[in-house]
Amino acid sequence: ARKPRATSKAKEKVEFTPVMPIPDSAPSLPPQYRTGPRWCYRDGDGMELCYSFRLDRPDGSKDFVPLCFCRDAQGNHQWKETAPPAPRPLYGLDKLAKEAPDAPILLVEGEKTADAAQTLFRGHVCMTWMGGSNATGKADFSPLAGRTVTIWPDNDAAGIKAAAELVGILHGHGTEAKTIYPADCLPEKWDLADTPPDGFD
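Given the structure is predicted, the values throughout are model-derived calculations rather than measurements.

Analysis parameters
Along each chain, residues carry numbers from 1 onward, in the same order as the chain's sequence is written. Predicted model: local features are reported for residues with pLDDT of at least 70 only, side-chain atom pairs are reported and counted for 80 or more only, and whole-chain, interface and lining totals are derived from all residues. Where side-chain values are given, they derive from all heavy atoms of the structure, hydrogens and water being excluded. For the purposes of this entry, the term helix denotes a DSSP run of H or I that reaches at least four residues, the term strand denotes a run of E that reaches at least two, and both are numbered from the N terminus. Using a 1.4 Å probe on the protein chains alone, a residue whose accessible area is under 20% of its type maximum counts as buried, one over 50% counts as exposed, and one in between counts as partly exposed. In this description, contact between two residues means that some pair of their heavy atoms is separated by no more than 4.5 Å. Using the Shrake-Rupley algorithm and a 1.4 Å probe, accessible areas are obtained, with residue cover drawn only from the displayed protein chains. His is not counted, nor are the chain ends; Lys and Arg add positive charge and Asp and Glu add negative charge. One atom stands in for each charge, and that atom is NZ of Lys, CZ of Arg, CG of Asp or CD of Glu. When a carboxyl oxygen of Asp or Glu lies within 4 Å of a side-chain nitrogen of Lys or Arg, that pair is called a salt bridge. Paired strands, in this sense, are two strands between which DSSP finds at least two bridges. Axis definition: a line fit to C-alpha positions, over the contact stretch in the case of helices; interaxial angles, taken between N-to-C directions, run 0 to 180 degrees.

### Examining the overall build of the chain
Line of reasoning, step 1. Along its length, the chain carries three helices and nine strands.
Line of reasoning, step 2. Along the chain direction, N to C, the helices and strands of the chain fall in the order β-β-β-β-β-α-β-α-β-β-α-β.
Line of reasoning, step 3. Across its three principal directions, the C-alpha atoms of the chain cover 85 × 40 × 35 Å.
Line of reasoning, step 4. Per-residue burial for the chain yields a buried fraction of 40% across its 201 residues.
Line of reasoning, step 5. Long-range contacts, defined here as pairs at least 24 residues apart, represent 59% of the contacts in the chain between residues at least 6 apart.
Line of reasoning, step 6. About 12100 Å² of surface is accessible on the chain, with carbon and sulfur atoms providing 50% of the total.
Line of reasoning, step 7. Measuring between centres, the 24 positive side-chain charges of the chain sit 12 Å from its 28 negative side-chain charges.

Structure (structure tokens):
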């Protein structure tokens, strides 16, 4: 007699959607995210939207991961290592809202660099986007429409390429942007969060 064929049900993938702003009822961050560098993305009213974390791995490597408070179709909630859906919010929207409408914008790559740049250029609003040089097309740059924007890329090929992409994206929002190209004396991959070489002003 023919044996009945065993059947197996594929486990359905549960889809989680980021909830932004993060509600007051959200639980505390999981333990692995409570230490180490982290940056909070906020909207113009200062409400928390999501996080970006630097995780130090046991092998000595470092990963930058986004973290969102998410909900599935059944109403279950949990923190997930996932980025907000495109177009993603910019880092520094809360600072942008507090400054005068004509305050100039300095656009750099990475949250750590944006914070460092803010201490150097206090007359500017220093901002960045999530995901690095390969994610310029996933960010929402519309809040910069009509602003005066300067782009200071990382000193590498990926950073220069991203700066060129940003000029085109901002132009689509009616914003003219200029780029500061890193000086030849700066090391490869140098950015505004790094110590400049001796003699560099």
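### Examining the pattern of salt bridges
Line of reasoning, step 1. This structure, assessed with the given rule, holds three salt bridges.
Line of reasoning, step 2. K189 is the partner of D156 in a salt bridge, and the nearest nitrogen-oxygen pair spans 3.7 Å. A residue pair is termed long-range when its members are at least 10 positions apart, and D156 in the loop between β8 (149-151) and α3 (157-172) and K189 in the segment after β9 (177-179) qualify at 33 residues.
Line of reasoning, step 3. Residue D156 is classed as buried on the basis of its relative accessible area, which comes to 15%.
Line of reasoning, step 4. One salt bridge connects K161 with E165, and the closest N-O pair in it is separated by 2.7 Å. On the criterion of helical spacing, the pair formed by K161 and E165 is a turn pair, its members being four residues apart in helix α3.
Line of reasoning, step 5. Among the residues examined, E165 registers a relative accessible area of 28% and is labelled partly exposed.

### Some remarks on the pairing of strand β5 (residues 77-80)
Line of reasoning, step 1. Taken together, the four bridges between strand β4 (residues 62-71) and β5 define a ladder with antiparallel strand orientation. Bridge pairing in β5 places C68 opposite K80.

### Some remarks on the side chain of R88
Line of reasoning, step 1. Looking at the secondary structure, you find R88 in the loop between β5 and α1 (93-98).
Line of reasoning, step 2. With no salt bridge to any partner, buried R88 finds its closest opposite charge in E111, at an N-O distance of 9.0 Å.
Line of reasoning, step 3. Other than its neighbours up to four places away in sequence, R88 contacts A83, M130, G131, A135, K138, A139 and D140.

### Side note on the pairing of β4
Line of reasoning, step 1. Of the pairings in the sheet, the one linking strand β1 (residues 17-18) to β4 comprises two bridges and is antiparallel in character. Considered in β4, the bridge of P18 is made with C70.
Line of reasoning, step 2. Of the pairings in the sheet, the one linking strand β3 (residues 48-56) to β4 comprises six bridges and is antiparallel in character. Each residue of the ladder has a partner; that of R54, found in β4, is F64.
Line of reasoning, step 3. Linking β3 back to β4 in an antiparallel pair, the connection comprises five residues, with G60 at a positive phi of about 95°.

### A short note on the environment of G159
Line of reasoning, step 1. Its place among the elements puts G159 in helix α3.
Line of reasoning, step 2. On a C-alpha basis, the gap between G159 and R71 in space is 34 Å, while along the polypeptide they are 88 residues apart.
Line of reasoning, step 3. Once residues lying within four places of it in the same chain are set aside, the contact partners of G159 are E109, P153 and D154.

### Details of the sheet that holds strand β6 (residues 105-107)
Line of reasoning, step 1. Spatial strand order, β7-β6-β8-β9: four strands in an open sheet with parallel pairing. The two strands at the open ends of the sheet, each matched to only one other strand, are β7 (125-127) and β9. With strand direction ignored, the average angle separating the axes of adjacent strands in the sheet is 25°.
Line of reasoning, step 2. Sheet topology places β6 next to β7; three bridges connect them, and they run parallel. Bridge pairing in β7 places L106 opposite C126.
Line of reasoning, step 3. With respect to the sheet, helix α2 (residues 111-120) is in contact with β6 and β7, its orientation differing from that of β7 by roughly 165°.

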